[in-house]
Every structure is written in C-alpha cells, then in structure tokens.
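Breakdown of the fold
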Amino acid sequence: MTIQWWQILLLTLYAGFAFYDGNNTTFGTVKPTMSGFFAGLVLGDVQTGLVVGGTLNLLVLGVGNFGGASIPDYMTGALLGTVFAITSGQGAEFGVTLAIPIGLLMIQLDILARFSNTFFQHRAEKLVEEGRLDAAAKMNLFGLIPQSLSRMLPVFLAVVFGSTFVELVVNNLPMWLMNGLKTAGGILPSLGIAILLRYLPVSKNITYLILGFFLAAYLKVPVLGAALVGLALAILSYQRSNEEQAVSQAAANAGGDMGDE
C-alpha cells in the first residue's frame, strides 16, 4: 500500500495534537488505543489499528508520567506500528513488534524536549520579574512547540521513509548519547517526586511516608501492594477520626443537657 500525502499530514498533526491533549484538554487521544484507531481509520483498516493500539494500551495501564518522569510513548508507537502493519501488509503482530522499540526510543526524545522547554520557562521567569505578565503567559504556549515537534518530526520521517528508517535510528544512536539520556531519565523521576512531596503534607504524615518507603525499598512490595496498605491505613484513619468526632459530639451534647437541667 502506498501512503498518500494527506494521510501523512493527518498522522503528523495527530501526533502533535495528541501530546497537547495529554497535557491539557485530555480528550484521550494520547492513549495508544485511540492513536491506533485513528491511524487505522486514516489508512482504511480500523481493525488492525485497534489490535495494535489495544495491545500497546495493556503496557501502559497504571503507568503515568507524573512530575518529571518520562515513560515509553506508546501513543507514537501505536500510531507508527499501525501504519507499518497496514502499509507492509504483514498484519498487527508485525506492527506491535515495531511499535515497542519506537515507544522506548521516544523516551529519549521526550527527555530532549523537556530540556529544550527550560529555555521558555526561564524566559517566562524573567518576564515576570519585569512585570510583563501577558508575555510570560505566552511562554507557556511556546513551550509546547519543542515537545509537540518531538512527536511530529519522528512520525513524519518514519512514515515518509518507512520502517527501515526507524530500525536505522534505533540501531545507530551513539552510546554516549544513549548513556547521557538514560542518566537524565533516571534523575527526572526523582526530581518529579521531590517536587510532588513539596506540595504534600509530609510533616503531618511522615509515619506513612517512612512505612511506604520501607515496604518498597526493603520488602520489595510492588506498587499495588503498597497502595493497598496505604488504603487500609487511610480507612483506619478515617474511621478513627469519625469515632473521635462522635465522642466529642456526644460529650458536647451531654454537657449541654446538664446545663439545661
């Protein structure tokens, strides 16, 4: 199958909008299932798109890029995997096989996009100091440009040059660049967690924080297990709070009744 220019244009624009949607409007277009469906719709094979997108969606259930964390971009993987599956005629399995390394490669591009976005944020801080608030607000919009391009350019190049281009990029990235990006990718999640902790009542709930760290670091309890322990403790805390309020209310009522007598 030969892909047409208007199909390339739609797929490229979708990649940019899906990234914006994932951080702002949240219509769900950033999900692999939706990107696979869209690519299948554009190329005339919705079933293959749903199979590729649905398979990749299983890989991201319960995974989120909170704070500064970068995760595999299976939206782009599903988009391109569906394209290669349909244009090559080799089916959904071939598309999924290519989509996974594409999603992993996009982690590195995501880190680069986040780094480039710091230019706009520093510019915004300077404009705020100068009192130019309207111009500072526009910097947040300009910051979307490098991150959207980090999705649009790979999609455009991969669709135009085919799966051979993707394999060439994956296999020929210099090790110094890969190691540097991996190091940055390891730091960003820690930074993101630190930022989130600043806005949480840590001092009030330090006991639960230590317990959660102990479960994860020393007992190797998975995330779901630690979350269930946290849920149980939250329920106990809520029930205890209700009991204390009930006792206080009963004492207040008893004191009021004695005063009336």
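This structure is a prediction, so every number in the text was calculated from the model and none was measured.

Let's talk about the overall build of the chain
From N to C terminus, the chain includes 11 helices and 0 strands. Helices (α) and strands (β) of the chain occur, in sequence order from the N terminus, as α-α-α-α-α-α-α-α-α-α-α. Out of the 261 residues in the chain, the part that is buried amounts to 32%. In the chain, 69% of the contacts between residues at least 6 apart in sequence involve partners at least 24 apart. Accessible surface, the chain as shown: approximately 16,000 Å² in total, 67% of it carbon and sulfur.

Notes on the nonpolar core
Membership of the largest hydrophobic core comes to 21 residues, with the highest contact counts inside it found for Leu11, Val83 and Val159. Counting residues per element, the ones that place at least two in this core are α1 (5-23), α2 (32-43), α4 (74-88), α5 (92-129) and α7 (144-161). No other element matches α4, which puts 6 residues into this core. Contact partners of Leu11, with chain neighbours within four places excluded, come to Ile3, Phe38, Ala39, Leu79, Val83, Val155 and Val159. In this structure, Val52, Tyr74, Ala92 and Ala99 belong to the second largest nonpolar core, which totals 8 residues.

Let's talk about the side chain of Asp73
Tracing the sequence through the fold places Asp73 in the loop between α3 (46-57) and α4. A relative accessible area of 8% means that Asp73 is categorised as buried. Within the structure, Asp73 has its side chain in polar contact with the backbone nitrogen of Met75 (distance 3.3 Å). If we ignore the near neighbours within four places in the chain, the residues touching Asp73 are Gly103, Met106 and Arg151.

Concerning the packing of helix α6 (residues 133-142) against α7
Look at α6 against α7: their axes get within 5 Å of each other, and the N-to-C directions meet at 5°. The angle between the axes of α6 and α7 places the two elements in the roughly parallel class. Contact residues: α6 offers Asn140, Leu141 and Phe142, while α7 offers Leu144, Ile145 and Pro146. A breakdown of the residues in the contact of α6 with α7 according to their chemical character gives 5 nonpolar, 1 polar and no charged.

Some details on the confidence of the model for the chain
Put simply, the chain has an average pLDDT of 79, and 82% of its residues get 70 or more. Ranking the elements of the chain by mean pLDDT puts helix α8 (residues 163-172) last, at 63, and α2 first, at 91.

Here's the deal with α5
Taking 1.5 Å as the rise per residue, α5 with 38 residues should run 56 Å; its terminal C-alpha atoms sit 53 Å apart, in good agreement. Following α5 by one or two positions, Gly131 adopts a phi angle in the positive range, close to 85°.

Things to note about a nonpolar patch on the surface
On the surface, a cluster of nonpolar side chains totalling about 610 Å² of accessible area is made up of Ile193, Leu196, Leu197, Leu200, Ile206, Leu209 and Ile210. Those elements giving two or more residues to the nonpolar patch turn out to be α9 (175-198) and α10 (206-217). Tracing the backbone shows Leu197 in helix α9.

Points about the environment of Val30
By the secondary structure assignment, Val30 is in the loop between α1 and α2. Val30 sits 11 residues away from Phe19 along the chain, and the two C-alpha atoms are 6.2 Å apart.

Section: unusual backbone geometry
A negative phi angle is the norm for most residues apart from glycine, just as the trans form is the norm for most peptide bonds. Backbone geometry at Lys220 places phi at a positive 60°, although glycine is not the residue there. Relative to the elements of secondary structure, Lys220 occurs in the loop between α10 and α11 (223-260). Given the relative accessible area of 64%, Lys220 is considered exposed.

Calculation notes
Residues numbered from 1 in each chain as written. Predicted model: local features only at pLDDT ≥ 70, side-chain atom pairs only at ≥ 80, totals over all residues. Heavy atoms only, no water. Helix = DSSP H or I, 4+ residues; strand = E, 2+ residues; numbered from the N terminus. Buried < 20%, exposed > 50% of the residue type's maximum accessible area, 1.4 Å probe, protein only. Contact = heavy atoms within 4.5 Å. Areas by Shrake-Rupley, 256 points an atom, 1.4 Å probe, with all protein chains shown as cover. Core = buried A, V, L, I, M, F, W, Y, C linked by side-chain atoms within 4.5 Å. Polar contact = N/O pair within 3.5 Å; in protein donor to acceptor, adjacent residues only side chain to side chain. Axes fitted to C-alpha atoms, helices over the stretch in contact; angles between N-to-C directions. Parallel < 35°, antiparallel > 145°, perpendicular 65-115°, else oblique. Nonpolar A, V, L, I, M, F, W, Y, C, P; charged D, E, K, R; others polar. pLDDT = per-residue confidence, 0-100. Expected span 1.5 Å × (residues − 1). Patch = residues over 30% accessible without salt bridge, like charges linked within 9 Å, V, L, I, M, F, W, Y side chains within 5 Å. Salt bridge = Lys/Arg side-chain N within 4 Å of Asp/Glu carboxyl O.

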